[in-house]
Structure formats: structure tokens, C-alpha cells
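These are the residues of each chain, in order.
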Amino acid sequence: IKSNFKSIEHLGGYTGLQNKEQLNQAIQLTKEYKIFNCPTLDWDIMANDLQYPDAYKNRLTYQFLPSKFIQKWEDDYKVAINKAGGPEKVIESKNKNKLKFDAKLQILKQLYDNECLLLIGGDAGNSFQADGFNIYEEMINWSMAGIDNYTILKSATVTPSQFFNETDKWGTIELGKNAEVLILDKNPLEDIKNITTIQTTIVGGKIFKNKELIKQL
């Protein structure tokens, strides 16, 4: 933490600490040295089969991406499950990994409680994951950890612009900044799931209606 690196991915390092005192010290140093944390919890969920055997079917990718992608992922997943020893072995491993995941949720909450810098990240490297879609899933994970909706949204907008030292270009809606905006039908501050109620997307000054984009998937 004292070596001047800028960010920590997957909460690496925190999970290996031996006791609460060490964790508290590490989190205080994280805040002092202004280190960003990008937990990417959704990677853990899919890499450790935490949504097996059926919950993964509730993911946005399953609902909106073309069936050819879903079928390819289903085929690959069946092969992966068999290689792992079959359904019973996967569920046994899942239950063990769930304890580790719950510990990560607690660490994220502690970072949040101590006002550390947090970044939303997707890390879409597994079946049923896709860039963009994963951000929604990660927002849900943060909400499960007890992070308020304002901080979740800030961690996907303002804080990343701080990380890249580009607060003068993007991160907030202001005159002179990049015109990259989502217009929603419902308020995500009331319920983070409302982030899916996209009406219009504006990118680089171009306007895209969500209904038309979905038709093209």
C-alpha cells in the first residue's frame, strides 16, 4: 500500500490478512494513500459458480443478448461443470467459495464505511458475462453489500474520471464536458435496478433510442 501504486483489483491482499486489526490498518492506509479499489465482484460470482445451477439465467445478458451467444455459453458451461467433477462437486465448491465471497462483501462495506475511493468494474471474462452488462450486475452486488445508490453511481462516473485524471472532460454533466449521458425512465437513486430503464443514450453528441438498440442485438 505504501509503494505508490494507484489501485487494488479484486480486493487483492485484504482477504489474506490474518485478523481484523490487520484489515483495519490496511483500510486506513488505503484511505491515507488515496488508493482506488475496484472489487469486480461479479467476476468472482461467475468464476466460482455462485449462481449455479439456475440463478445465472436472471442475468441481463441472458435476457437481452442473441440466443446464439446464450446457447454457446450454455454448451461451454456444461463442459466446464463436467470437467469440475459434475453438479454435486460444483455445488460443494460453490458453498465453500460463497463464504469467501461474503467476506469480500464485508471488506467492500468496510472500505465504503471508511470513505475509501471505489471504482465500479465489470471484468467480463466468463460465460454469461459481457462488457457493459456486467456493470449492472456489479451495481447489484454493491447494493447487496450495503453500499448506498448514490455512491454506486458515483463509483461508475465521477470517481473513474478522478482515477484517470480527466475530471475536466467527463464524470459529471457540465457545459464543456463530453456528451455521454444515459436518460432513464426511473430514478436509480430510489432503486439501483432502475439503471436498466434506459430510454436514451447519448454518446459523442449522437442520440440513440434504447428500443432501437435492443432490436439490433
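Everything below is about the structure printed above this text.
What this report covers is the structure whose coordinates are included nearby.

**Remarks on the overall build of the protein**
Scanning the protein for helices and strands turns up nine helices and six strands. Taking 2.2 N^0.38 as the reference for a compact globule, 217 residues should give roughly 17 Å; the C-alpha atoms of the protein span a radius of gyration of 19 Å, in line with that estimate. Counting only C-alpha atoms and orienting by the principal axes, one finds that the protein spans roughly 55 × 50 × 30 Å. A separation of at least 24 residues holds for 65% of the contacts in the protein among residues at least 6 apart in sequence. Carbon and sulfur atoms make up 52% of the accessible area of the protein, which amounts to about 12,900 Å² in all. Where the 27 positive side-chain charges of the protein centre and where its 28 negative ones centre are 1 Å apart.

**With respect to the side chain of Glu74**
Tracing the backbone shows Glu74 in helix H4 (residues 67–83). One buried charged residue, Glu74, remains without a salt bridge, the closest side chain of opposite sign being Lys57 at 4.6 Å. For Glu74, the contacting residues outside a window of four places in its chain are Tyr56, Lys57, Tyr62 and Phe128.

**Section: the pattern of salt bridges**
A full pass over the atoms with the stated rule returns nine salt bridges. The partner of Asp44 in a salt bridge is Lys104, with the nearest N and O atoms 3.0 Å apart. Within this pair, whereas Asp44 is found in helix H2 (residues 41–47), its partner Lys104 is found in helix H5 (residues 87–113), the two being separated by 60 residues in sequence. In this structure, Asp44 and Lys104 share a single accessibility class: buried. Put simply, Glu174 and Lys177 hold a salt bridge, and the shortest N to O gap is 2.9 Å. Assessed through its relative accessible area of 18%, Lys177 is described here as buried.

**Examining the packing of H5 against helix H6 (residues 133–145)**
Close contact between H5 and H6 brings their axes to 9 Å; oriented N to C, the two are set at 80°. Our classification of the angle between H5 and H6 gives roughly perpendicular. Note on element contacts: H6 touches H5 through Asn141, Trp142, Met144 and Ala145, opposite Leu105, Leu108 and Lys109. Of the residues that constitute the contact of H5 with H6, the class distribution is five nonpolar, one polar and one charged.

**A look at the layout of surface pockets**
Taken as a whole, the largest pocket holds about 1,700 Å³ of empty space. Considering the residues around the largest pocket, the lining is formed by 44 residues, among which Met139, Ala156, Thr157, Leu182 and Ile195 are closest to the centre. Partitioning the lining of the largest pocket into residue classes produces 30 nonpolar, ten polar and four charged. Computed from the structure, the second largest pocket encloses a volume of approximately 280 Å³. In terms of lining, the second largest pocket is formed by 15 residues, of which the most central are Ile45, Gln51, Ile140, Asn141 and Met144. Within the residue set of the lining of the second largest pocket, elements represented by two or more residues are H2, H5 and H6. Per-element accounting of the lining of the second largest pocket gives the leading share, five residues, to H6. Here the lining of the second largest pocket is built from residues that sort into seven nonpolar, three polar and five charged.

**Digging into the sheet that holds strand E6 (residues 206–209)**
Pairing is antiparallel across the open sheet formed by three strands, whose spatial order is E4-E5-E6. The open sheet is flanked by strand E4 (181–184) and E6, the only strands paired with a single partner. The mean angle between the axes of side-by-side strands here comes to 20°, regardless of whether they run parallel or antiparallel. Across four bridges, the pairing between E4 and strand E5 (residues 198–203) is antiparallel. Its bridge partner being in E5, Leu184 is matched across the sheet by Ile198.

**Considerations on the packing of aromatic side chains**
Scanning the entire structure with this criterion turns up ten aromatic pairs. Each ring, one from Tyr52 and one from Tyr77, has its centre 6.0 Å from the other, and the planes form 80°; the classification is edge-to-face. A residue pair is termed long-range when its members are at least 10 positions apart, and Tyr52 in the loop between H2 and helix H3 (60–64) and Tyr77 in helix H4 qualify at 25 residues. An angle of 35° between the planes, with centres 5.8 Å apart, marks the rings of Tyr62 and Phe128 as tilted. With Tyr62 in helix H3 and Phe128 in the loop between strand E3 (117–118) and H6, this residue pair connects regions lying 66 residues apart in the sequence. By relative accessible area, which is 24% here, Tyr62 ends up partly exposed. Taken together through their ring pairs, the aromatic side chains of Tyr52, Tyr56, Tyr62, Trp73, Tyr77 and Phe128 make up a single cluster.

Rules behind the numbers
Residues numbered from 1 in each chain as written. Predicted model: local features only at pLDDT ≥ 70, side-chain atom pairs only at ≥ 80, totals over all residues. Heavy atoms only, no water. Helix = DSSP H or I, 4+ residues; strand = E, 2+ residues; numbered from the N terminus. Rg over C-alpha atoms; globule rule 2.2 N^0.38 Å. Contact = heavy atoms within 4.5 Å. Areas by Shrake-Rupley, 256 points an atom, 1.4 Å probe, with all protein chains shown as cover. Lys, Arg positive; Asp, Glu negative; His and termini not counted. Charge placed at Lys NZ, Arg CZ, Asp CG, Glu CD. Buried < 20%, exposed > 50% of the residue type's maximum accessible area, 1.4 Å probe, protein only. Salt bridge = Lys/Arg side-chain N within 4 Å of Asp/Glu carboxyl O. Axes fitted to C-alpha atoms, helices over the stretch in contact; angles between N-to-C directions. Parallel < 35°, antiparallel > 145°, perpendicular 65-115°, else oblique. Nonpolar A, V, L, I, M, F, W, Y, C, P; charged D, E, K, R; others polar. 1 Å grid on protein atoms, 1.4 Å probe; cavity = no way out; pocket = protein on both sides within 12 Å on 5 of 7 lines; lining within 4 Å. Points joined across faces, edges and corners; volume = space filled by probe spheres on them. Pairing = 2+ DSSP bridges. Phe/Tyr/Trp six-rings, centres within 6.5 Å; stacked < 30°, edge-to-face > 60°.

Take it as geometry only, folks, not as evidence of what the structure does.
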